[in-house]
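In case you want the letters, here they are:
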Amino acid sequence: MAARQPFTDTDTADEAVRATCDDATTCKRFATSKGYWKDPYIQYFARSVGERKAPEINRGYYARVQGVNHLLDAFIKKAECDCQVINLGAGLDTTFWRLKDENLMPRKFFEVDFPTVVARKIHNIKTKPPLSKPIIETHSTDSLLLDAHSLDSDRYCIIGADLRDVSNLDEKLKKFQLNPELPTLLLSECVLVYMTPSQSSNLVHWAAETFHTAMFINYEQVNMSDRFGQVMIENLQRRQCTLAGVEACQSLDSQKERFLKTGWENADALDMMTVYSMLPQDDVARIERLEFLDERELLQQLLQHYSICWASKDKHNLGLSQLAF
Amino acid sequence: MAEGGNDAELLKEKANKYFKEKDYENAIKYYSEALELNSSNAIYYSNRSLAYLRTECYGYALADATKALEIDKNYIKGYYRRATSNMALGKFKAALKDYETVVRVRPNDKDARMKYQECNKIVKQKAFERAIASDETKKSVVDSLDIENMTIEDDYVGPKLEDGKVTLKFMKEMMDWFKDQNKLHRKCAYQILVQVKDVLSKLPSLVEIELKETEKITICGDTHGQYYDLLNIFKLNGLPSETNPYLFNGDFVDRGSFSVEVILTLFGFKLLYPNNFHVLRGNHETDNMNQMYGFEGEVKAKYTGQMFQLFSEVFQWLPLAQCINSKVLVMHGGLFSEDGVTLEDLRKIDRNRQPPDSGPMCDLLWSDPQPQNGRSVSKRGVSCQFGPDVTERFLEQNKLDYIVRSHEVKAEGYEVTHSGKCITVFSAPNYCDQMGNKGAYIHLRGSDLKPEFHQFTAVPHPNVKPMAYANTLMQLGMM
């Protein structure tokens, strides 16, 4: 793999990683304001639309959101909502509220991120009724369990934790009634790439050990050993953001390997260019009309360097390995 | 919930109060609650629509405004809201219809009339741009400029034209001035633009040059506002001069954030060496592209909207193709959607306009080669893709050897296709700070006209990220 500078300071590196949740939020905010997809809740995390993003970025986020949601919803429907969802490194994601609106709520929706990110999210939830109302409504008692870095309710729980400390993560989730017997969906979007291969391997292995019927969806970089990948690594490095786990992002095979080697039964992976071509094409045609893209190569290159990998294990024979695009 | 109507009104009052305090999220919340109790109240929808406008959720604002009008088609505010939402979404014609309605119903309302007129201006401007070249002569910015009387302040220490002319000394000073991220005085920028407009307007749409045996020319592709990479080209290949001619094949601006510096430098050299420095129009030398991809924003940030208008006029006069020694044809995009186009056809193109949706002028700026024979629908949604057979027929009919074009980023900076008859050259390395591609330029000697490729990589630039000036649509008058 390319030579990388070592962390000068772990705190700086972590801070840079935390900052990426703002990238995702502002990009989603802009894309939704343009009509790429509907998200009535993102505005409560990013007040103003902000600076214009390039059309290929908007289309890239569209592919990401539609792609992940496709698999996520398919899993929940397969389990008939009798399941759990754990969003690892959730940032300011709004999926919980979307699932509630669409009557696709799992038994419980967990979100985990760095304590400072979680504290911010909890603050937003507390102060914005459109965010808090759905949580309060689905809670059986009058009061929610709330502290600086966690919020727990019957159907929604957000926990501040470091994903590299798997035993601590396990402890906290179980404290908030994580049920290892329920079919569980774990989701990570541009998360594993920020930790070392051994740290992400531990996390993924813990998931395989803890749940017998589960799916893990991982969205992040792929095909990183070419020039485009190198430039991405250099650009991020300049922001003090190190892709410590980029080794697993060499190819679709390496993405699948990390699951197959840690106890997962099946694994599939597609690059986002392929996913984009498999999304409902009438909607793709609609979003392509929203903004004119001057250089299609930019979109192609971008999409070819991101992938969705989904792994499953299926003791209850729900048919998880058949979930696909 | 005994008196649903009354409770709803109370909620609406609450929402209104929040709105006045600029707490739009709560305003939306309480309008929504009011609507839950009374879902056929146009006012609630209209008010919520305005709150959505304030939070830039234009899609929701439009939906609410439409709902309000469905309930009460006589509700004037509903038309306002819908018009404003449509304006924000760039749907000016739709907005105009609603403003028209308001003006009709309230003929004495000055504000309504003003909004109608503003919207009408935008619609007319866009309609004009879309129209086929008409007899109607649009008034030029040049007519309303008084450059003579523009004063340069004493504290401006940057470069100035000498006796109103571009000199080599001026160019060198300007390039250094730009390198240090300084701004050229607007008077100088206007002088350059007015003069280059004059020079370009006298050129034919197809420029024809002859390279003598001992002469050569350097052809560069897209540069896209990457000023520091442009400086690097001059460093590697020498500054332009009578003995070091250049041809820049379009797409000088947009995407990169130093478009102003790039274009003023290229225009400056055009003035200095009019017969040895050539520029052709690219698809990014157009209003639609400039609005979306940063150039318009950059000019407005560094200068004014009026200056952008002038750039737009100048771009319209850029020639569309160049023929070298009657053997090599250069254009930004490529060849044509139909067979039978001749060089004479190109000479005759009336180019002082925005490119039409189709036809030879559009194809010159937009088309791309493809590996397979025949033509296909373009991946870009404009113009076409043309195969080796199309190239072959065109070259044969026009007695040419090959074409050189740009328009597409290439990993190696250039690509030779159609058995050497279609060459692509792209001169913006590490395009958009992310592609990691090399840039290239072509040396062409009069003696053999065989292309010689030179590649180069990106150089560092100040931390102004690409497309920094591509702002969201201007703040439209929101009610």
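Residues numbered from 1 in each chain as written. Chains lettered and ligands numbered in written order. Predicted model: local features only at pLDDT ≥ 70, side-chain atom pairs only at ≥ 80, totals over all residues. Heavy atoms only, no water.

Quick look at the overall build of chain B now. Tallying secondary structure elements over chain B gives 17 helices and 14 strands in all. Considering chain B as a whole, with its 479 residues, one finds that 57% of them fall into the buried category. In chain B, of all internal contacts separated by at least 6 residues, the share reaching a separation of at least 24 is 69%. Carbon and sulfur atoms form 49% of the exposed surface of chain B, whose accessible area is close to 20900 Å². Looking at chain B, you have 62 positive and 66 negative side-chain charges, and the mean spots of the two groups are 3 Å apart. (Helix = DSSP H or I, 4+ residues; strand = E, 2+ residues; numbered from the N terminus. Buried < 20%, exposed > 50% of the residue type's maximum accessible area, 1.4 Å probe, protein only. Contact = heavy atoms within 4.5 Å. Areas by Shrake-Rupley, 256 points an atom, 1.4 Å probe, with all protein chains shown as cover. Lys, Arg positive; Asp, Glu negative; His and termini not counted. Charge placed at Lys NZ, Arg CZ, Asp CG, Glu CD.)

Residue and element names in this part refer to chain B. The 5 strands are arranged β4-β3-β2-β13-β14 in an open sheet whose pairing can be described as mixed. Each edge of the sheet is formed by a strand with only one pairing partner; in this case those strands are β4 (277–279) and β14 (452–456). Between one strand axis and the next, the sheet turns by 20 degrees as a mean value, whatever way the strands run. Examined bridge by bridge, strand β2 (residues 216–220) and strand β3 (residues 246–248) share 3 bridges and lie parallel to one another. (Pairing = 2+ DSSP bridges. Axes fitted to C-alpha atoms, helices over the stretch in contact; angles between N-to-C directions.)

What follows deals with the side chain of Lys 28 of chain A. All names here are of chain A. Mapped onto the elements, Lys 28 comes out in helix α1 (residues 10–34). On the accessibility criterion, Lys 28 (9% relative accessible area) is buried. Setting aside residues no more than four positions away along its own chain, Lys 28 makes contact with Trp 37, Ile 42, Tyr 61, Arg 64, Val 65 and Asp 93.

Another aspect to go through is the pattern of salt bridges. The final tally for this structure, using the stated rule, is 55 salt bridges over all chains. Between Arg 59 of chain A and Glu 288 of chain A there is a salt bridge whose closest N-O contact spans 3.6 Å. One end of the pair, Arg 59 of chain A, is in helix α2 (residues 55–78); the other, Glu 288 of chain A, is in helix α11 (residues 281–288), with 229 residues separating them in the sequence. Classification of Glu 288 of chain A by relative accessible area gives partly exposed; the value is 24%. When the shortest N-O distance is used, the salt bridge between Glu 261 of chain B and Lys 302 of chain B registers 3.0 Å. One end of the pair, Glu 261 of chain B, is in helix α11 (residues 259–272); the other, Lys 302 of chain B, is in helix α13 (residues 295–302), with 41 residues separating them in the sequence. Its relative accessible area of 6% is what places Glu 261 of chain B among the buried residues. Here the salt bridges share partners, and the residues they tie into one network are Asp 368, Lys 379, Arg 380, Arg 405, Glu 408, Lys 410 and Glu 415 of chain B. (Salt bridge = Lys/Arg side-chain N within 4 Å of Asp/Glu carboxyl O.)

In the UniProt entry, the feature "domain: Serine/threonine specific protein phosphatases" (unreviewed entry) is given for residues 280–285 of chain B. Structurally, residues 280–285 of chain B comprises 0% helix and 0% strand, and the distance from its first C-alpha atom to its last is 9 Å. (UniProt positions renumbered as here; feature names shortened; annotations may be inferred.)

Time to look at the domain arrangement of chain B. As far as domains go, chain B holds domain 1 (2–132) and domain 2 (168–476). Look at where the C-alpha atoms of domain 1 of chain B and domain 2 of chain B centre, and you get two points 44 Å apart. (Domains from an automatic or database assignment.)

All names here are of chain A. Using the residue numbers shown here, the UniProt feature "binding site: S-adenosyl-L-methionine" (unreviewed entry) corresponds to Arg 64, Gly 89, Asp 162, Leu 163 and Glu 189. Spatially, the listed residues are scattered: they cover 126 residues, and their C-alpha atoms lie as much as 24.3 Å apart. Within the secondary structure, Asp 162 is located in the loop between β5 (156–160) and α6 (166–175). A distance of 2.9 Å separates the side chain of Asp 162 from the backbone nitrogen of Arg 164, its partner in a polar contact. The topology assignment puts Glu 189 in strand β6 (residues 184–189). Residue contacts for Glu 189: discarding those within four places in its chain leaves Arg 64, Val 68, Leu 88, Asp 93 and Tyr 219. (Polar contact = N/O pair within 3.5 Å; in protein donor to acceptor, adjacent residues only side chain to side chain.)

The next point concerns the interface of chain B and chain A. Facing 36 residues of chain B, the contacting portion of chain A comprises 34 residues. Interface area for chain B against chain A, summed over the two sides, is near 3100 Å², with a carbon-plus-sulfur share of 51%. If you sort the residues of chain B by the area they bury against chain A, Glu 25, Gln 434 and Met 435 of chain B come out on top, with a joint share of 21%. The tally of links between chain B and chain A comes to 5 salt bridges. Where chain B touches chain A, the interface holds 11 residue pairs in polar contact (both at pLDDT 80 or more). Among the secondary structure elements, those contributing two or more residues to the side of chain B that touches chain A are α2 (24–37) and α12 (287–293) of chain B. Per element, the largest residue contribution to the side of chain B that touches chain A is 5 residues, and it comes from α2 of chain B. When the residues that make up the side of chain B that touches chain A are grouped by side-chain class, the tally is 16 nonpolar, 10 polar and 10 charged. (Buried area = accessible area lost by both parts, 1.4 Å probe. Nonpolar A, V, L, I, M, F, W, Y, C, P; charged D, E, K, R; others polar.)

This part takes up the UniProt feature "active site" (unreviewed entry) in chain B. Taking the numbering used here, the UniProt-annotated feature "active site" (unreviewed entry) corresponds to His 284 of chain B. Inspection of the secondary structure puts His 284 of chain B in the loop between β4 and α12. With relative accessibility at 2%, the residue His 284 of chain B sits in the buried group. Beyond its immediate stretch of four places on either side in the chain, His 284 of chain B contacts Asp 294 of chain A together with His 224, Asp 251, Val 253, Asp 254, Met 289, Asn 290 and Tyr 293 of chain B.

Turning to the packing of aromatic side chains, a few remarks are in order. For any pair of aromatic rings, the description consists of the separation of the ring centres together with the inter-plane angle of the planes. Under the definition given, this model contains 38 aromatic pairs over all chains. Ring geometry for Trp 310 of chain A and Phe 325 of chain A: centres 5.5 Å apart, planes at 85 degrees, overall edge-to-face. Residue Trp 310 of chain A is found in strand β9 (residues 306–314), and its partner Phe 325 of chain A is found in the segment after β9; the two are separated by 15 residues along the sequence. On the basis of relative accessible area, Trp 310 of chain A is assigned to the buried category, the value being 5%. Ring centres 5.6 Å apart and planes at 35 degrees place the aromatic pair Phe 269 of chain B and Phe 277 of chain B in the tilted group. Members of the aromatic cluster, joined through ring pairs, are Tyr 41, Phe 45, Phe 96, Trp 97, Phe 109 and Tyr 156 of chain A. When the ring centre of Phe 114 of chain A is taken as reference, the NZ or CZ atom of Arg 18 of chain A above it lies at 4.7 Å. (Phe/Tyr/Trp six-rings, centres within 6.5 Å; stacked < 30°, edge-to-face > 60°. Lys NZ or Arg CZ within 6 Å of the ring centre and 35° of its normal.)

Quick look at empty space enclosed by the protein now. Residues and elements named next belong to chain B. Applying the stated criterion across every chain yields a total of 3 cavities of 30 Å³ or more. Approximately 100 Å³ is the volume found for the largest cavity. The wall of the largest cavity is formed by 13 residues, among which Gly 225, Gln 226, Phe 258, Asp 433 and His 461 lie closest to the centre. Residues belonging to the lining of the largest cavity are distributed by class as follows: 6 nonpolar, 5 polar and 2 charged. (1 Å grid on protein atoms, 1.4 Å probe; cavity = no way out; pocket = protein on both sides within 12 Å on 5 of 7 lines; lining within 4 Å. Points joined across faces, edges and corners; volume = space filled by probe spheres on them.)

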